[in-house]
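Commentary on secondary and tertiary structure
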Amino acid sequence: MSIGENYLEIVERKNRAAVRSGRNPEDVLLLAVTKLHTVEEINQAISAGATDAGENRVQELLEKYDRTAAPVRWHLIGHLQTNKVKNIIDKVVLIHSVDSLKLAKEISKRAIAADKVMDILIEINIGMEESKSGVPAEDVESLIKEIAAECEGVRIRGVMCVPPIGETPEDSRPYFKKTKAIFDNLKTLDLPQERFLPDILSMGMSGDFEVAVEEGATIVRVGSSIFGKRNYC
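Structural notes, computed from the coordinates. (Residues numbered from 1 in each chain as written. Predicted model: local features only at pLDDT ≥ 70, side-chain atom pairs only at ≥ 80, totals over all residues. Heavy atoms only, no water.)

1. Points about the packing of helix α5 (residues 101-113) against helix α6 (residues 140-150)
Two elements in contact, α5 and α6, have axes separated by 10 Å at closest approach and are oriented at 30 degrees. Taken together, the axes of α5 and α6 are roughly parallel relative to one another. Crossing hand, α5 versus α6: right-handed. Residues Leu101, Ala104 and Lys105 of α5 form the contact with α6, whose participating residues are Leu143, Glu146, Ile147 and Glu150. The residue makeup of the contact of α5 with α6, split by class, is 4 nonpolar, no polar and 3 charged. (Axes fitted to C-alpha atoms, helices over the stretch in contact; angles between N-to-C directions. Helix = DSSP H or I, 4+ residues; strand = E, 2+ residues; numbered from the N terminus. Parallel < 35°, antiparallel > 145°, perpendicular 65-115°, else oblique. Left-handed = near helix turned anticlockwise from the far one by under 90°. Contact = heavy atoms within 4.5 Å. Nonpolar A, V, L, I, M, F, W, Y, C, P; charged D, E, K, R; others polar.)

2. Regarding helix α2 (residues 39-48)
Looking only at α2, the buried set comprises Val39, Ile42, Ala45 and Ile46. Here the buried residues of α2 occupy an arc of 120 degrees about the axis, which is enough to place them on one side. Across α2 from its buried face, at more than 90 degrees, point the exposed residues Glu40 and Ser47. Contact partners of the buried residues in α2: α1 (3-20), α3 (58-65), β3 (73-76) and α9 (224-227). (Buried < 20%, exposed > 50% of the residue type's maximum accessible area, 1.4 Å probe, protein only. Arc of directions from axis to C-beta.)

3. Some words on α3
Those residues of α3 lying buried are Val58, Glu60, Leu61 and Lys64. The buried residues of α3 occupy an angular sector of 160 degrees when the element is viewed end-on, so they sit on one face. For α3, the elements touching its buried residues are α2, β2 (52-55), β3, α4 (85-88) and β4 (92-98).

4. Some points on the pattern of salt bridges
On inspection of all chains with the given rule, the structure shows 20 salt bridges. A salt bridge links Lys64 to Glu60; its shortest N-O distance comes to 2.7 Å. Of this pair, Lys64 and Glu60 both sit in helix α3, 4 residues apart, roughly one helical turn. Of the two residues examined, Lys64 and Glu60, each falls in the buried class. Beyond isolated ion pairs, a larger network of salt bridges with shared partners links Arg20, Glu170, Arg173, Lys177, Glu214 and Glu215. (Salt bridge = Lys/Arg side-chain N within 4 Å of Asp/Glu carboxyl O.)

5. Overview of unusual backbone geometry
Omega for the bond connecting Ala70 with Pro71 falls within 30 degrees of zero, at 0 degrees, which places this linkage in the cis form. Checked against the element boundaries, Pro71 lands in the loop between α3 and β3. Even without a glycine there, the phi angle at Asp115 is positive, about 60 degrees. Secondary-structure assignment places Asp115 in the loop between α5 and β5 (118-124). We classify Asp115 as exposed; its relative accessible area is 74%. Positioned with a positive phi, Met128 is a non-glycine residue whose angle comes to about 50 degrees. With respect to the helices and strands, the residue Met128 is situated in the loop between β5 and α6. The exposure class of Met128 is exposed, given its relative accessible area of 52%.

In structure tokens, the structure reads:
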């Protein structure tokens, strides 16, 4: 199957998962993850209907940004170093991976300088894995309150997680359920809407995105099932 055909198949699977769980398929965004894939491959997905692309690394995003077909919207989904925020602040619509007040402050500073408000997600280390970034579940609320109080250039739109790798898609379900519960609880926080508008739950990848949709994801991040296996050479 071509990349375009793969993309349309994933859209159908996403939509069916939404219907199974009593949700509107249009309420779940399919984010095409482009790590290590070429501009030509990305443009094939865009031709098939992809509206949003997610990149893990700042340098890769910069290399692809001006060469991909308009009007694709870019997301930064990987770990972001504070010294690289300035390079992408005017290029992305959403940063999925904020895990510290320090990073949020830098994003805020750069956003204000660019005369914009940057939408961000708080990354939760839902499986408490040492190899992964993210905030412990018990610290999410306090971090959100700090960011909302100190960072006028950002708006927190929700949370993101990457569960531990399991043997089957069902292995991810308990982590998605826990993340959804955290997300729902955050909606009770009394914070200004210009700083905190929790409407995005980013979870689920190629191996488990349908389970994520069933558990409430509003963005699923799919790469290899659209583009094929990555070439790490």
